[in-house]
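Geometric and topological summary
Now for the letters of each chain:
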Amino acid sequence: MRLAILGGGQLAWMLALAAESLGVSVAVLDPSPEAGAGRVADHVVAAYDDLVGLDEVSAGADVVTYEFENVPAAAVTRLVEHGVPVLPSPRSLAVTQDRLSEKQLLAELGIPVAPHAAVDGPTDVETALAQVGAPGILKTRRLGYDGKGQVRVRSADELAPAVAELGGSGLIYEGFVEFSRELSVVIARGADGSTAVYTPVENEHRDGILALTIAPAPQMSTNLAESAQAAAIAVAEALDHVGVLCVELFETADGIVANEIAPRVHNSGHWSIEGAVTSQFENHVRAVVGMPLGDASVRGVSAMVNLVGGVPPVAQLEAIAGATVHLYGKEPRRARKLGHVTIVAESAELLAVPLGQVRALADAAWDA
Ligand code: AMP
């Protein structure tokens, strides 16, 4: 079997490592000659809309997948026209590329979302305020990531200037959700409709970037866990999704509120390499090449700490009990994810000390 991946960053790298152990060979398409997945996969250096590059990466591939949701529609069309299956399907991409269609799908499925309104010009400001109120957050509907393309709106008079700041159209204004914490659920779904759902996890952000994931989310009631997992299953089924997806959620006093869907392997699922029986990467590969899904059960309690902007001394990280270091081979740069550390322990009590040690090192190196 041969798998082509659009994008050659750290997600593609970890997908390629998983594919290799399943006997699946990998080619990636990425415009950067330094793309990390090139360390373990064939690498076509070309833009995502380069027709020659697309033909080259997909030649001989049984299936094409992607590591980011902003794949140009033209690229997918080209692949589909050439009869190469693209999984997850173009529908999963189309719905999740736009925050508005994403929220509409969630709402149709009965999954609570923040009050929201589309803003496509100054004349929509009044209507949006009437529907949503303030405070809120104005976001670009497309191409946002890690908190980019977003402006906090503290009071009603801040919305019009925020709309101008974000380019005036193609925006969504959301009511501000008073949440106690952020959670996410990763799910893998096969073409036969089988699913492997990971435990809901708790996520902590710093500067809009994921800093820490704890799996399972601590102090989670059965109700909360079930509603979070049910939301992920409903989304995957509604999209007829094949592969991994992640639903990001807020926990509020009234239960969960869904924020975003990522139609791909997700940073909040990295813990699963060591912390689950089958990782999200292996299950994504299994799903898209048509192998049976693996068991998503946890092995103990895990924490994943991102290394952002700077890498702490690796020998110090590796000396910490239960810690595994993953480095993406990227040059340090502000706000750039350079690697992550996973710590697995038998209980939350046993996780606390090594997690504190890893966090102290990662915090000191963050954008240092
Ligand atoms: P997003 O790009 O939608 O994941 O947003 C980035 C971060 O902004 C989230 O992880 C939340 O911390 C925060 N955020 C986004 N939308 C809302 C909202 N409607 N209410 C409160 N906080 C939000």
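My aim in this report is to walk through the structure given alongside it, one point at a time. Quick caveat: nothing in here was measured; it's all calculated off a predicted structure.

Moving on to unusual backbone geometry. Residue P88 is bonded to the preceding L87 through a cis peptide linkage, with omega at -5°. By the element assignment, P88 lies in the loop between α3 (73-81) and α4 (90-96). Cis geometry is found at the peptide bond from A215 to P216, where omega equals -10°. Within the secondary structure layout, P216 lies in the loop between β12 (209-215) and α8 (222-238).

The 4 strands lie next to each other as β3-β2-β1-β4, forming an open sheet whose pairing is parallel. Here the strands that pair on one side only, and so sit at the sheet edges, are β3 (42-44) and β4 (63-66). Each neighbouring strand pair of the sheet contributes to a mean axis angle of 25°, computed without reference to strand direction. By the bridge criterion, 5 bridges tie strand β1 (residues 2-6) to strand β2 (residues 25-29) in an arrangement that is parallel. The residue bridging I5 from the neighbouring strand is V28, located in β2. Strand contacts of helix α2 (residues 51-58): β1, β2, β3 and β4, with the helix running at about 170° to β2, the strand carrying the most contacts.

In the vicinity of the ligand there are 15 residues, among which K139, Q150, V177, E182 and E260 approach most closely. Contact between the ligand and N259: an oxygen atom at 3.0 Å from a side-chain N or O atom of the residue. Take E260: an N or O atom from its side chain is 2.8 Å from an oxygen atom of the ligand. Where the shell around the ligand is concerned, the elements lending two or more residues are β6 (136-140), β8 (171-175), β13 (243-252) and β14 (255-262). Partitioning the shell around the ligand into residue classes produces 5 nonpolar, 4 polar and 6 charged. Two domains each provide a minimum of three residues to the shell around the ligand, namely domain 2 (115-175) and domain 3 (181-367).

Right, let's get into the pairing of strand β5 (residues 116-119). Of the two faces of β5, only one is covered, namely that formed by A117 and V119; the face formed by H116 and A118 stays uncovered. Of the strand pairs in this sheet, β5 and β8 are connected by 4 bridges, and their pairing is antiparallel. What sits directly across from A117, in β8, is Y173.

We now examine the nonpolar core. Residues L3, V26 and V285 are the most contacted members of the largest nonpolar core, which totals 40 residues. Listing elements by their share of this core, those giving two or more residues are β1, α1 (10-21), β2, β9 (181-189), β12, β13 and α10 (280-289). Looking at this core, the element that brings in the most residues is α1, giving 8 residues. Contacts of V26, omitting those with residues within four sequence positions, involve R2, L3, I5, A16, A19, A41 and D42. If you look at the next biggest cluster of nonpolar residues, it comprises 21 residues, including V95, I111, I187 and L249.

Glancing now at the pattern of salt bridges. Between side chains of opposite charge, a pair can form when the charged atoms approach closely. Tallied over the entire structure, the rule returns 15 salt bridges. Between D42 and R2 there is a salt bridge; the shortest N-O distance is 2.8 Å. Within this pair, whereas D42 is found in strand β3, its partner R2 is found in strand β1, the two being separated by 40 residues in sequence. For R2, a relative accessible area of 22% translates into the label partly exposed.

On to empty space enclosed by the protein, then. With the rule as written, the count across this model stands at 2 cavities of 30 Å³ or more. In this model, the largest cavity occupies a volume close to 100 Å³. Along its surface, the largest cavity is lined by 13 residues, and E69, T96, Q97, G144 and E260 are the ones closest to its centre. Looking at the lining of the largest cavity, the elements with two or more residues in it are α5 (99-108) and β14. Its residues placed into classes, the lining of the largest cavity shows 2 nonpolar, 4 polar and 7 charged. Empty space within the second largest cavity amounts to approximately 40 Å³. As for the second largest cavity, its lining consists of A211, L212, V305, N306, R359, A362, D363 and W366.

Basis of the calculations
- Residues numbered from 1 in each chain as written.
- Predicted model: local features only at pLDDT ≥ 70, side-chain atom pairs only at ≥ 80, totals over all residues.
- Heavy atoms only, no water.
- Helix = DSSP H or I, 4+ residues; strand = E, 2+ residues; numbered from the N terminus.
- Pairing = 2+ DSSP bridges.
- Axes fitted to C-alpha atoms, helices over the stretch in contact; angles between N-to-C directions.
- Contact = heavy atoms within 4.5 Å.
- Near = heavy atom within 4 Å.
- Polar contact = N/O pair within 3.5 Å; in protein donor to acceptor, adjacent residues only side chain to side chain.
- Nonpolar A, V, L, I, M, F, W, Y, C, P; charged D, E, K, R; others polar.
- Domains from an automatic or database assignment.
- Buried < 20%, exposed > 50% of the residue type's maximum accessible area, 1.4 Å probe, protein only.
- Core = buried A, V, L, I, M, F, W, Y, C linked by side-chain atoms within 4.5 Å.
- Salt bridge = Lys/Arg side-chain N within 4 Å of Asp/Glu carboxyl O.
- 1 Å grid on protein atoms, 1.4 Å probe; cavity = no way out; pocket = protein on both sides within 12 Å on 5 of 7 lines; lining within 4 Å.
- Points joined across faces, edges and corners; volume = space filled by probe spheres on them.

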